[in-house]
Amino acid sequence: EAHCHGFATVCIQPIWVSVAARALEGSRSRVCTVVGFPHGANRSEVKAYETQLAVAQGAREIDMVILIGALKDGDLRTVRRHIGAVCRAAIPGIVTKVILETAYLTDDEKVQACRIARDEGAGFVKTSTGFASAGATLDDIRLMRETVGPRMGVKAAGGIRDADAARRMIEAGATRIGASA
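All values reported here derive from a predicted model rather than from experimental measurement.

Conventions adopted
- Residues numbered from 1 in each chain as written.
- Predicted model: local features only at pLDDT ≥ 70, side-chain atom pairs only at ≥ 80, totals over all residues.
- Heavy atoms only, no water.
- Helix = DSSP H or I, 4+ residues; strand = E, 2+ residues; numbered from the N terminus.
- Contact = heavy atoms within 4.5 Å.
- 1 Å grid on protein atoms, 1.4 Å probe; cavity = no way out; pocket = protein on both sides within 12 Å on 5 of 7 lines; lining within 4 Å.
- Points joined across faces, edges and corners; volume = space filled by probe spheres on them.
- Buried < 20%, exposed > 50% of the residue type's maximum accessible area, 1.4 Å probe, protein only.
- Pairing = 2+ DSSP bridges.
- Right-handed = clockwise from strand over helix to strand, strands pointing away.
- Axes fitted to C-alpha atoms, helices over the stretch in contact; angles between N-to-C directions.
- Core = buried A, V, L, I, M, F, W, Y, C linked by side-chain atoms within 4.5 Å.

A.B. asks: Account for the side chain of Lys110, naming residues and giving values.
C.D. replies: Inspection of the secondary structure puts Lys110 in helix H6 (residues 107-119). Lys110 has contacts with Leu100, Thr102, Leu105, Asp140 and Leu143, leaving out every residue within four places of it along the chain.

Spelled out as structure tokens, the structure:
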């Protein structure tokens, strides 16, 4: 489907990276996988290792989940360590996306996480894993875009079910849409 429809990526569980990489060989679609999924509660060293292994097996994009509990506790040093570990483990040319899980965060926490992701060299900030109580909102996309500026990607994911919703997210500042519908 990714190849036939020209999707930017197909995001799959880590166990399937090598299979998907072989299947998409020669395609413009790239393999994306998740790190620290779905709660971000792995140690930073584990997230770095997951990243290295996924890249070695053919992943070209990494979606990492922040350590939500650390952010909620105001432990920005730990949040920075986790994001930095993944960004450093992803060799040049590998796109990293930092999943904030915005449904659980205050606006101030979203801003702090976006700034850290930007400063640590992530390619995107992303709204949701799709497992939270809510996904992308227009207000979150606007806030994230305003915080990271024009050079960094903003991915709207979670709850986007039709083309009209996708268009509104793009108008609000999203540069990529994540949808299973």
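Here the narrative resumes, following the displayed structure.
A.B. asks: Explain the layout of surface pockets to me, using residue names and the numbers behind them.
C.D. replies: In this model, the largest pocket occupies a volume close to 1,000 Å³. Around the largest pocket, the lining comprises 37 residues; the ones closest to its centre are Cys11, Lys155, Gly178, Ala179 and Ser180. For the lining of the largest pocket, the elements supplying multiple residues, two or more each, are helix H1 (2-5), strand S1 (9-12), strand S6 (153-157) and strand S7 (176-178). Top element by residues in the lining of the largest pocket is S1. It accounts for four residues.

A.B. asks: Outline the pairing of strand S4 (residues 95-99), listing residues and values.
C.D. replies: Of all five residues making up S4, four are buried, and the element is well covered by its neighbours. Pairing analysis gives five bridges linking strand S3 (residues 61-65) to S4, with the strands arranged parallel. Bridge assignment links Asp63 to a residue of S4, and that residue is Lys97. By the bridge criterion, three bridges tie S4 to strand S5 (residues 124-126) in an arrangement that is parallel. Across the sheet, the residue bridging to Lys97 is Phe124, located in S5. Assessed by its sense of winding, the connection that carries the chain from S4 through H6 to S5 is right-handed.

A.B. asks: Can you tell me about the environment of Lys126, naming the residues and giving the values?
C.D. replies: Within the secondary structure, Lys126 is located in strand S5. For Lys126, a relative accessible area of 8% corresponds to the buried category. In sequence terms Lys126 and Ile141 are 15 residues apart; their C-alpha atoms lie 8.9 Å from each other. Every residue in contact with Lys126, bar those within four places of it in the chain, is listed here: Asp63, Val98, Ile99, Leu100, Glu101, Met144, Lys155 and Ala157.

A.B. asks: Any chance you could break down the sheet that holds S4 for me, citing the residues and the numbers?
C.D. replies: Reading across the sheet, the seven strands line up as S1-S2-S3-S4-S5-S6-S7 and stay open at both edges, with parallel pairing between neighbours. Across the chains shown, the open sheet's two edge strands, defined by having one partner strand only, are S1 and S7. For this sheet the average axis-to-axis angle between neighbouring strands, irrespective of direction, equals 25°.

A.B. asks: Give me the nonpolar core: which residues, what numbers.
C.D. replies: General note: in soluble globular proteins, nonpolar side chains tend to be found buried as a group. Counting residues in each nonpolar core, the largest one holds 48 residues, and the members touching the most others are Val31, Ile62, Ile66, Ile83, Val98, Leu100 and Val125. Not counting chain neighbours up to four residues away, the residues in contact with Leu100 comprise Ile66, Ile68, Leu105, Lys110, Ala113, Cys114, Lys126, Thr127 and Met144.

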